[in-house]
Amino acid sequence: MSDSLTCVSTPALADLPIRRLTHRDLHACADLSEDRGWPREEHKWGLLLAAGKGYGIDDPEGGLVTACVVTGYGTGDRPDLCAIGMVLVAERHARQGVGRRLMRHVVAEAGTTPLTLYATPYGRPLYEELGFKVTGTSEMVRGHFRAGGPCSAVATRPATGEDLSTLVRLDEEVFGADRTHLITRLPAFADQLRVAEEGGRITGYAALWPNMDTHVVGPLVARDTETTKALVASLAAHTDRPLRTDVDVRHEALLTWLKEHGLTSVGFNAVMTYGTPDLPGDWTRRFAPLTVAAG
Ligand SMILES: CC(C)(COP(=O)(O)OP(=O)(O)OC[C@H]1O[C@@H](n2cnc3c(N)ncnc32)[C@H](O)[C@@H]1OP(=O)(O)O)[C@@H](O)C(=O)NCCC(=O)NCCS
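So, here's what we can say about the structure. This structure is a prediction, so every number in the text was calculated from the model and none was measured.

Side note on the pairing of strand β10 (residues 214–222)
Most of β10 is tucked away: nine of the nine residues are buried. Here seven bridges tie strand β9 (residues 201–211) to β10, and the two strands are oriented antiparallel to one another. Residue pairing in the sheet places P210 in a bridge with H215 of β10. Hairpin remark: β9 followed by β10, antiparallel, with two residues in the connecting loop; positive phi at M212, about 55 degrees. By the bridge criterion, two bridges tie β10 to strand β11 (residues 243–248) in an arrangement that is parallel. For V216, the partnering residue across the bridge sits in β11 and is R244. Sheet topology note: the β10/strand β13 (residues 286–288) ladder contains two bridges and is antiparallel. Along β13, the bridge assignment pairs V221 with R286.

So, in C-alpha cells, the structure goes:
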C-alpha cells in the first residue's frame, strides 16, 4: 500500500476571496495598521467597522492581507455618498496588485453612488488610475494647544441629549448627506461634544475623540471661523493631550490661528471624488472631518 501524498499549495494572492469584515476583525485591522507603520487606532477602527462596511482578504498565514472601510451616507435604499478609508495592504504583499483589486471591488459594489476619500501620497496614483479626481486638499495639524489672545465672544457649552436631533440636521445641511448613524454615535465615541450657541440657536458643533496619544478635533462644523475658534479653545481647555485635526486648506484663517496657538503642520491629504465633480454640502461651514477615513 503506498502513501498518498497530499500537496497543499498556497493559493495565489489573486485567488484569495474578498470578504466583509466585522467587529471581530478589529484586532487584525489594528495589526494591519501597525504593519504599515500607522498607529493601531483601535477606537477609530471600532467606530468605522460599526458605522461602515469593512472589506478585507484573509492571509492564509494569519492576519489580513488587506482591509478598507466604506461608510455610506443618506437615507434612501442606496447611499447618496460613500466615503472610503483605511485602505491598507500588508507590507509583505505590497505592490502585487492587491490594493488595485480591493479598490476595484468596492468601486463596483458602490454602483452609481458617488465616492470620496482622502488620499495619502501612496494611495493617490492608484485612485487616479481608477478614475478618482482631486477636488481639494486638507492639512493635518498637530500639537499642544496654547490658550491665549482675545477671549471669544462666542458662547459654547457641552451638547446634551436634546441637542442631538439639531446636530443631525445641521450636519446634514453642511455635509450634504444624512449621517445620523455616525452623529448619534458621537456621544459614546467622543470624550467631548460641544456646541456653539447664539440667541438660543446652535451655530456650530465639534467633537474631541481619543486617538492613541492625541485627541482629534472633528467633526468641526460652524457658521464662521470665530465660532470654530471658540469651539476648539473650549475643547482644548479640558485635555492635556496634543490636539490633531485635518482642516480644509480653504479655511486659511483657522489654520493660521491653530498654528499661532501651538499646532504645526504634519502633512497634506488630497480630497478625491469619483462619480461626482465635487462634494455636496456647504464647505464654508465644514472645517474638519470626523476622520479622514469617513469624511
Ligand atoms: C497604497 C496601498 C494600499 C497600495 O496597495 P498595493 O497593493 O501595494 O498597490 P498595487 O500593487 O495594487 O498598486 C497599484 C498602483 O498603485 C501605485 N503604487 C502602489 N504603491 C506605490 C508606491 N509605493 N509608490 C508609488 N506608487 C505606488 C502604482 O501606480 C501601482 O501600480 P503599478 O504597481 O502597476 O505601478 C499600499 O501601498 C498601502 O497600504 N500603503 C500604506 C497605507 C496607505 O497609504 N494607504 C492609502 C490610504 S489613502
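Still more ground to cover, so stick around.
Digging into the packing of helix α8 (residues 225–236) against helix α9 (residues 252–260)
Contact geometry of α8 with α9 gives a least axis separation of 10 Å together with a crossing angle of 35 degrees. For the pair α8 and α9, the sense of crossing is right-handed. Packed against α8, whose contacting residues are T225, T228, K229, V232 and A233, the element α9 presents A253, L254, W257 and L258 at the interface. Grouping the constituent residues of the contact of α8 with α9 by class yields six nonpolar, two polar and one charged.

Cut-offs and rules
- Residues numbered from 1 in each chain as written.
- Predicted model: local features only at pLDDT ≥ 70, side-chain atom pairs only at ≥ 80, totals over all residues.
- Heavy atoms only, no water.
- Buried < 20%, exposed > 50% of the residue type's maximum accessible area, 1.4 Å probe, protein only.
- Helix = DSSP H or I, 4+ residues; strand = E, 2+ residues; numbered from the N terminus.
- Pairing = 2+ DSSP bridges.
- Axes fitted to C-alpha atoms, helices over the stretch in contact; angles between N-to-C directions.
- Left-handed = near helix turned anticlockwise from the far one by under 90°.
- Contact = heavy atoms within 4.5 Å.
- Nonpolar A, V, L, I, M, F, W, Y, C, P; charged D, E, K, R; others polar.

The values reported here are purely geometric and, on their own, carry no functional implication.
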